[in-house]
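Architecture and fold: a report
Chain by chain, the residues run as shown.
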Amino acid sequence: MSTAQGVFRRKPIDQIAEDKGDGLTRTLGLWQLTAIGIGGIIGAGIFSLAGAVANKTAGPAVLISFLVAGVASAAAAFSYAEFAGLIPKAGSAYTYGYAVLGEIVGWFIGWDLLLEYTAIVAVVAIGISGYFTELLSLLNIQLPQWMLGAPGTEGADVAAGTYKVNLFAVVLCLLIAYVLNMGMKNAARFETTLVYLKIAVVLLVIVVGVFHINTDNYNPFFPFGLTGAFTGAATVFFAVFGYDAMSTAAEESKDSQRHMPKAIIYSLAISMVLYVLACLVLTGMVNYKDVDSESAFATAFADIGFHWLGIIISVGAILGITTVLFTFLLGAARVGFSMSRDGLLPRWFAKTHPVKHVPSRITWVLGVASAVIAGLLPIAEAAELTNIGILLAFVVVCIAVIVLRYKQPDLPRTFRTPGMPVVPIIGVVFSIWLITFLSPETWLRFAVWFLIGLVIYFAYSKRNSVMQKQQSKR
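Residues numbered from 1 in each chain as written. Predicted model: local features only at pLDDT ≥ 70, side-chain atom pairs only at ≥ 80, totals over all residues. Heavy atoms only, no water.

**Quick look at the layout of surface pockets**
Selection rule: Every definition here rests on a 1 Å grid over the protein atoms only: cavities are sets of points where a 1.4 Å probe fits but cannot get out, pockets are open sets enclosed by protein on both sides within 12 Å along at least five of seven lines, and lining residues have some atom within 4 Å of a point. Grid points are joined across faces, edges and corners, and a volume is the space filled by probe spheres set on the points. A run of H or I in DSSP counts as a helix once it spans at least four residues, and a run of E counts as a strand once it spans at least two, with each numbered from the N terminus. Gly falls in the polar group here, along with every residue not listed as nonpolar (Ala, Val, Leu, Ile, Met, Phe, Trp, Tyr, Cys, Pro) or charged (Asp, Glu, Lys, Arg).
Roughly 240 Å³ of volume is contained in the second largest pocket. W111, L114, V365, L366 and W449 are, among the 13 residues lining the second largest pocket, the residues nearest its centre. Listed by contribution, the elements that provide at least two residues to the lining of the second largest pocket are α7 (103-138) and α15 (360-376). The greatest single-element share of the lining of the second largest pocket, amounting to five residues, is contributed by α15. Of the residues that constitute the lining of the second largest pocket, the class distribution is twelve nonpolar, one polar and no charged.

As structure tokens, this is what we get:
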């Protein structure tokens, strides 16, 4: 077999369906899956990113930023939904790419998602720590400055070395790893409870805030021009996915082929409605120049005399955004688990806990990695690691759904992407377009990670692939 044939070998869909769960148990119902999806989508986008993008990038047009990102995300969501109903296995985009476009494509998507999902966990943990600091300030509690941020965090006295580590973010990452290792049934109950709390806080913000909107704050609507709104879309894009990470839990769903497509669509639709309403309230209450970049809503309500509501929002944000960490660390762990089961990473990582039936080893490894990033990098630098790999995964999934629809049209699909092939093509075009807005530094980091992955694939993964071993026996 030539190298080209080897790296592009595809794992048959029927063989993927026969893969053993290796200890994973099916415990998740439709609304638990939907809650995990919402948990991944709503979080930093409302409580942190909306304020930062409104203040520095888009102004009131942050609403347009979310809508543009939402259109791209929706086009990809339909493609994910079709695959989720067809291939009810862990791994999401990694598994779909492996099945349709070949092993090396699957490898690089999986390799990218390990970095992207882990970085998202770190970014969100840093964002929560901003609300934690704001909450302490509202309660007149002061903690040592050294534990409130990473070196280089905005506001630090660099010469004096004011900030040393973001201790709260570190502890939070490790706490989520612990929760995920409690077993999926208990972990999902924890996640669902926090999602309900988060939605309640967002609705409270919208209902109270709508009575304090000053329409003059919407003028100018595009203070940074259309380019600012589109640049903002690239920045907030990682706040309008999460269903992709949720889909990695397909092997832990009671009826994945029916429930997973519905959960993907439901979670995105509910989240986008809340995003739009929250952005309208925030930029209507406060002039974009005065929006706090780290704790936008808590500060906004505190500034108009709603001190008590600022405290509630801060508490709700801390607990609610925690669901984002849960969803993406879950996604990273399940991608790593799937890659290990396929032999592309050491099988040691695919070992599940004998009692809890979760991939505890890879979960702890990634939990510690996210804690290190969260503790030692400022939020801006950590955020630059998050978008490009997700966008490329969307491109691969949208292309793969078109290829598979035409190559194997008779496969039993429980959900079919509408408007084929136009809708997936829209997903591809939007994703590539958003990639062009990312900084050169982001491309450099991606290139370095890509090269590391290339070395690992040819040095280890290609030779130890389960597919390679099966073909060698023939």
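**Focus: a nonpolar patch on the surface**
Inclusion rule: Each patch is built from residues lacking any salt bridge and having more than 30% relative accessible area; the joining distance is 9 Å for like charges and 5 Å for nonpolar side chains (Val, Leu, Ile, Met, Phe, Trp, Tyr). Method for areas: the Shrake-Rupley scheme with a 1.4 Å probe, in which residue coverage is limited to the protein chains shown. Salt bridges are defined as contacts in which a side-chain nitrogen from Lys or Arg sits within 4 Å of a carboxyl oxygen from Asp or Glu.
Residues L174, L175, Y178, W364, V368, V372 and L376 make up a contiguous nonpolar surface patch of roughly 630 Å² in combined accessible area. The leading source of residues in the nonpolar patch is α15, at four residues. Relative to the helices and strands, L376 is located in helix α15.

**Thoughts on helix α13 (residues 296-303)**
Inclusion rule: Three exposure classes are used, based on accessible area relative to the maximum for each residue type with a 1.4 Å probe and protein chains only: buried under 20%, partly exposed in between, and exposed over 50%.
Of all eight residues making up α13, six are buried, and the element is well covered by its neighbours. Of the residues making up α13, those classed as buried are A296, F297, A298, T299, A300 and F301. Of the residues flanking the end of α13, it is G305, one or two places downstream, whose phi is positive at about 95°.

**Here we look at the side chain of S340**
As a reminder, the rule being used: Here a residue-residue contact requires only that any non-hydrogen atoms of the pair lie within 4.5 Å.
Position of S340 among the secondary structure elements: in helix α14 (residues 307-341). When residues no more than four places from it in sequence are discounted, the contact partners of S340 are L345, P346, R347, F349 and A350.

**Quick notes on the packing of aromatic side chains**
Test applied: Aromatic pairing here means that ring centres of Phe, Tyr or Trp (its six-membered ring) are within 6.5 Å. Orientation follows from the plane angle: under 30 degrees is stacked, over 60 is edge-to-face, and everything else is tilted.
Counted under the stated rule, the structure contains 26 aromatic pairs. Between F221 and F222 the ring centres are 5.1 Å apart and the planes differ by 80°, which places this aromatic pair in the edge-to-face class. Both rings, one in Y457 and one in F458, keep their centres 5.1 Å apart while their planes meet at 85°; by these two values the pair is edge-to-face. We classify Y457 as buried; its relative accessible area is 0%.

**Description of the packing of helix α5 (residues 62-86) against helix α18 (residues 422-435)**
Where we set the bar: Between the N-to-C directions of two axes lies an angle of 0 to 180 degrees, each axis being a line fitted to C-alpha atoms and, for a helix, fitted only over the stretch in contact. The cut-offs work like this: below 35 degrees is roughly parallel, past 145 is roughly antiparallel, 65 to 115 is roughly perpendicular, and the gaps in between are oblique. By convention the crossing between two helices is left-handed if the near helix lies anticlockwise of the far one by an angle smaller than a right angle, and right-handed if it lies clockwise.
The contact between α5 and α18 brings their axes to 8 Å, and the two run at 135°. With respect to their mutual orientation, α5 and α18 come out oblique. The hand of the α5/α18 crossing is left-handed. Only V423, P424, I426, G427, F430, W433 and L434 of α18 make contact with α5, whose side of the interface consists of V68, V71, A72, A75, F78 and S79. Considered class by class, the residues forming the contact of α5 with α18 number eleven nonpolar, two polar and no charged.

**Considering α18**
In an α-helix, one full turn covers 3.6 residues, which means residues spaced three or four apart are oriented alike. We count it as follows: How far a helix is expected to stretch is found by multiplying one less than its residue total by 1.5 Å. The arc in question is formed by the directions pointing from the helix axis toward the C-beta atoms.
With 14 residues, α18 should cover 20 Å at 1.5 Å per step; its first-to-last C-alpha distance of 20 Å lies within 8% of that length. Turning to α18, its buried residues number three or more, namely V423, P424, G427, V428, S431, L434 and I435. The arc that holds the buried residues of α18, viewed along the axis, is 145°, so those residues lie on one side. In this fold, the buried residues of α18 make contact with α5, α10 (225-236), α17 (387-407) and α19 (440-464).

**As for unusual backbone geometry**
Residue P220 is bonded to the preceding N219 through a cis peptide linkage, with omega at 0°. Looking at the secondary structure, you find P220 in the loop between α9 (184-209) and α10. In this chain, M420 is followed by P421 through a cis amide linkage whose omega measures 0°. Looking at the secondary structure, you find P421 in the loop between α17 and α18. The phi dihedral of S92 is positive, around 55°, even though this residue is not glycine. Relative to the assigned elements, S92 resides in the loop between α5 and α6 (93-100). Of note, H357 is a non-glycine position whose phi angle comes to about 60°, a positive value. Here H357 shows up in the loop between α14 and α15.

**As for the environment of V286**
Among the structural elements, V286 can be located in the loop between α12 (256-285) and α13. A relative accessible area of 14% places V286 in the buried class. A sequence separation of 14 residues divides V286 from A300, and the C-alpha atoms of the two residues are 6.7 Å apart.

**Here's the deal with the nonpolar core**
Filter applied, for reference: By convention a nonpolar core is built from buried Ala, Val, Leu, Ile, Met, Phe, Trp, Tyr and Cys residues, the set being connected through side-chain atoms within 4.5 Å.
In terms of nonpolar packing, the biggest core is built from 153 residues, with Y80, F237 and Y243 touching the most fellow members. Ranked by the residues each element gives to this core, the list is headed by α7, at 17 residues. Setting aside residues no more than four positions away along its own chain, F237 makes contact with A69, A72, S73, I390, L391, F394 and L434.

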